[in-house]
Every structure is written in structure tokens, then in C-alpha cells.
Amino acid sequence: MTTKTSMLKLSSLLALVLLTCFGCSKSGGSNPPPIKVTPPPSGDPAQYGTPYSGVPATKDIVMYEVNIKTFTPANFQGVEARLDSIKALGVNVIWLMPTYPIGTDSKSVGSPYCVKDYEGVNSAFGTLDDLRALVAQAHTLGMAVILDWEANDTSWDNAWITANPTWYVQVNGVIQQLSTYTDVAALNFSNQNMRLALIKAMKYWVLTANVDGYRCDYADGPPTDFWTQALDTLKNITTHKLVFLAEGTNGSEISAGFQLGYAFNYYGSIKSVFGGSNTSGLFTTNTAELASLPSPGLKLRYITNHDDASSDGSTIQLYGSKQGALSAFLITAYMDGVPLIYSSQEVGYPSKINFFNNVPVDYTANPDMVAAYKQIIAFRSAHEAIKTGTLTPYSDPNVIAFEKVSGSDDVLVLANTRNSSETFTVPTALQGPTWTNAFAGGTITFSSTYTLQPYQYLVLTK
């Protein structure tokens, strides 16, 4: 880890603050050119388009991770063509995996996180105008867009290597790779000019492409005071409400300005439960993860993402079947935190996806599964109990059971984590009231036991 450095003086930060001006708003189905305005003295570009005013509150976020290489065509236009379908799931924030040119030198392995130019667009995906059109259309449909950001390192053929070698970690004058990753060179966070260049590039996309924030890769890597410096600067773009997601586990990242952190431990626990372990472990992990975050931070909860789909397999493989994957997602979306859908999981893609490669996904597959995702997300969006309510767990080795209450909103969730029928012993407290089946309709009054079919889930309201 790089030694933490002291914060820049306030005057250094103010030098980066944007004096914004606005371009044209999108109309008539086309993206007009921005109004030509002289950039402000700070060197920042002028604002392109109209900043999006519909960025959701953190608790209301339903996030969708876009792996562009799974779309057909595998470019910005291919993603834009499917924005209506993504919105129909109930999504309100899109996270685009890296859109930058990647290294092509002899050390490159094709990773999208091997950044050659922080202010460039990967030509395989299209042009800057294509990216702008995608963002504008997402905004029109009611979705914010955040970019993926790699702050730890660059490719070996990034122009910074030769122009600014002191911006990299060196030993005896030799630039070092990042940890075990031979394809990238480690950035030196003791160098203040490097920090300012990274922050300038982060501002660039908020202004030039009108994006709404960042998912920051391996956020535990840079020192916390860098994140404080960067996010404070970005928050000074007062025309934008921005979303910041840390791929990290440190509570200090929330204190630095991120709203969301990764739920690594939760993912491990839910895999373990569906693999046969006692369900109590998931509640233990949930409590510990939430306790690790300072208020008002939340965890991004997922049953897969680009890393896990590449290394561990698809949700169908991990959770036993289409129904198992849906049961795992419902538990994850309803227990606590903010849910993530990784492009391909909603259609039950059956195999691993290596995110270095183009892997075309049939996004018309399994419409029944897509409908179930829509139903699960719509219920979450409509119920404050699910988003912020107090959670009461009920013990059973095979069935995840919990109640969430916010004011008069009372929701009970039962989900069988086994590929076999399981009998749930109903706690006395749940046996008296009449419950309404939120998805199938009708009412239920519990006796002492209730049998759930393989991977069946039940959502009830009182």
C-alpha cells in the first residue's frame, strides 16, 4: 500500500472547482452539438448537455452493470438499443464497465481495466458522440449513468509513463507493476501532480459526457485521503448529483464520500448457503457488514458481477437452477442494502463470461425469468419496509425467513435455499395474522408449519 499523504490545502482544491456552462438538451430523438463556450480558467471542459436531475437517493437505487461485450453489436449503440429493456426491469442507475482505450503493449492481456488514456474512448465501442448519445438516452428514460474508474494503475503504454515517470511507484528508478498484475504500472499517490491529473480526468467525464458518477475499482488501493480529495472536488460540481460506488470494504471510504461499498462477504455467504450451509451464516454476515459502515453508507448487494461470473460461473451454476437464482436474488435484494443486476443474469445466461472477451448474450431468452426479476424489483421499489425497514430474522437451517417493518409497512419473506421441499417451522408470532401473498394474490394464515417447494420463495404483506 502507498503511504497515506496529507490533504491538499483548500486553495489547491478550489483551483479545480468548475464554473459550469450548459450545452443543448436532447430533443427530437437526436443529440445536438454542444454550445461552443470557452472553457473556464481551470482548464476543465465546458458542460455538455443538461445535468440529469433524476439521480435517485442511495436507498432507492437499483443498479445494472453493463458489460458492453455481451451486447450485439458489442458497442455503445448495441447497449443503447437495449436501454428500454433495462429500464423495464426497474433499473434507475446504469454502471458502464470501462469505456477507455486499453493497453496494447507486449505486457497487455486485454483487461478493460488496463487504461491507456483516461480521457479517451475505446474505439471498439464507438466515439465520444456515441457515448454521449447513450448517456442522453438513459437520462431520457429515467436512468443515471456511472462510469468504471481505475485509479490504481495504468497500462505500460499510457502516455504518462514517458511524460511523467515520477507519477509511478519506482524502485531504484524502475517503474513497478501493481502487486501481481504484470499488465499495469502502479501509480504513486505521494505525487500531488498525479493526483490532480486523476481528479481532472474524473471531472472531464462528468462535464464532457454528462455522466452521473463512478464505480471505483479496487478502492482499497489508493489512500483514503486521495478519495476525500477527489470526491470533495467532484461534489463541488454543484450542477450534478453524483453516485459513488467503492469496490472496497473499508468504512473509511464511506467517510471519504462514497455512498456505497461492495458486499464481498455477503456474496460469499449466500453462495455458501445455497451450497448447503446453515442459513444463519447469512444473517451473521449481514449484521457484520452493516456494522462495518459508518452512516449513511450502504452495501451493494449482488449474486454475481463481472468478476464472479468470470471466475465462479453463472447464477444458474452457482444457485442450482433458474428458480434457485431467482430465490437468491430476491433474498439479496430484500435483506438490506442496494441490489445489483449484472448484464446476462436476468436472462439466465448458463455459463461463465470472461469479461476480457466478446461473449454475445441472447437478451430475449427466458422471458419468464425476466418477468420474475421485474416483479421482485417492482415490489422492492414500492415498499419502504424492504428498503429501510427494521429486519427480524427467523431461524431455520434451510429456509431464509425474515420480516421487515417500516411504520405500517410489514413484509415477510420466506425463501427455500434447497433443491428439495423443505418444511418451515413457523414462529408463534407469525401464526396469528392473515398475510397477503404479494405476488400470487390470496391470503395465508399460518399454522405451525409451512412447506416450500424446491427454491420456492414467498413474499407476504400484513
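Described below are features of the structure shown in this document. Please read these numbers as outputs of a predicted model, since none were measured by experiment.

All right, on to the packing of helix 6 (residues 192-208) against helix 7 (residues 224-235) then. At a minimum axis separation of 10 Å, helix 6 and helix 7 run at an interaxial angle of 35°. The handedness of the crossing between helix 6 and helix 7 is right-handed. Each of Arg195, Leu196, Leu198, Ile199, Met202, Lys203 and Val206 in helix 6 lies in contact with helix 7, whose residues at this interface are Asp225, Phe226, Gln229, Ala230, Thr233 and Leu234. The residue makeup of the contact of helix 6 with helix 7, split by class, is 8 nonpolar, 2 polar and 3 charged.

This part covers the sheet that holds strand 21 (residues 457-461). Taken in spatial order, the 6 strands make up an open sheet running 14-15-16-21-18-19, and their pairing is antiparallel. Two strands bound the open sheet, and with one partner strand each, they are strand 14 (390-394) and strand 19 (443-445). Taken pair by pair, the neighbouring strands of this sheet meet at an average axis angle of 30°, ignoring direction. Relative to strand 16 (residues 409-416), strand 15 (residues 399-406) is paired through 8 bridges, and the arrangement is antiparallel. For Ile400, the partnering residue across the bridge sits in strand 16 and is Ala415.

One pass over the full model with this rule turns up 25 aromatic pairs. Between Phe71 and Tyr363 the ring centres are 4.8 Å apart and the planes differ by 20°, which places this aromatic pair in the stacked class. Within this pair, whereas Phe71 is found in the loop between strand 1 (63-66) and helix 2 (76-80), its partner Tyr363 is found in the loop between strand 13 (338-342) and helix 14 (367-382), the two being separated by 292 residues in sequence. Accessibility expressed as a relative area gives 9% for Tyr363, which makes it buried. One cation-aromatic arrangement involves Lys107 over Trp156; the distance from NZ or CZ to the ring centre is 3.8 Å. Just above the ring of Tyr48 sits the side chain of Arg132; from NZ or CZ to the centre is 3.9 Å.

The strands making up a sheet associate through hydrogen bonds between their backbones, and the pairing can be parallel or antiparallel. Here we have 8 strands rolled up into a closed barrel, ordered 1-2-3-9-10-11-12-13, and parallel in their pairing. Going from strand to strand, the sheet's axes swing by 25° on average, the running direction of each strand aside. Here strand 3 (residues 144-149) pairs with strand 9 (residues 213-216) via 3 bridges, running parallel. Within the sheet, the bridge partner assigned to Trp149 lies in strand 9 and is Cys216. Here helix 4 (residues 128-141) sits on the sheet in contact with strand 2 (93-96) and strand 3, set at roughly 140° to strand 3.

Turning our eyes to something else, we now look at helix 7. Taking 1.5 Å as the rise per residue, helix 7 with 12 residues should run 16 Å; its terminal C-alpha atoms sit 16 Å apart, in good agreement. Of all 12 residues that make up helix 7, 9 are buried, and the element is covered over most of its length. Of the residues making up helix 7, those classed as buried are Thr224, Asp225, Phe226, Trp227, Gln229, Ala230, Leu231, Thr233 and Leu234.

Cut-offs used in this document
Residues numbered from 1 in each chain as written. Predicted model: local features only at pLDDT ≥ 70, side-chain atom pairs only at ≥ 80, totals over all residues. Heavy atoms only, no water. Axes fitted to C-alpha atoms, helices over the stretch in contact; angles between N-to-C directions. Helix = DSSP H or I, 4+ residues; strand = E, 2+ residues; numbered from the N terminus. Left-handed = near helix turned anticlockwise from the far one by under 90°. Contact = heavy atoms within 4.5 Å. Nonpolar A, V, L, I, M, F, W, Y, C, P; charged D, E, K, R; others polar. Pairing = 2+ DSSP bridges. Phe/Tyr/Trp six-rings, centres within 6.5 Å; stacked < 30°, edge-to-face > 60°. Buried < 20%, exposed > 50% of the residue type's maximum accessible area, 1.4 Å probe, protein only. Lys NZ or Arg CZ within 6 Å of the ring centre and 35° of its normal. Expected span 1.5 Å × (residues − 1).

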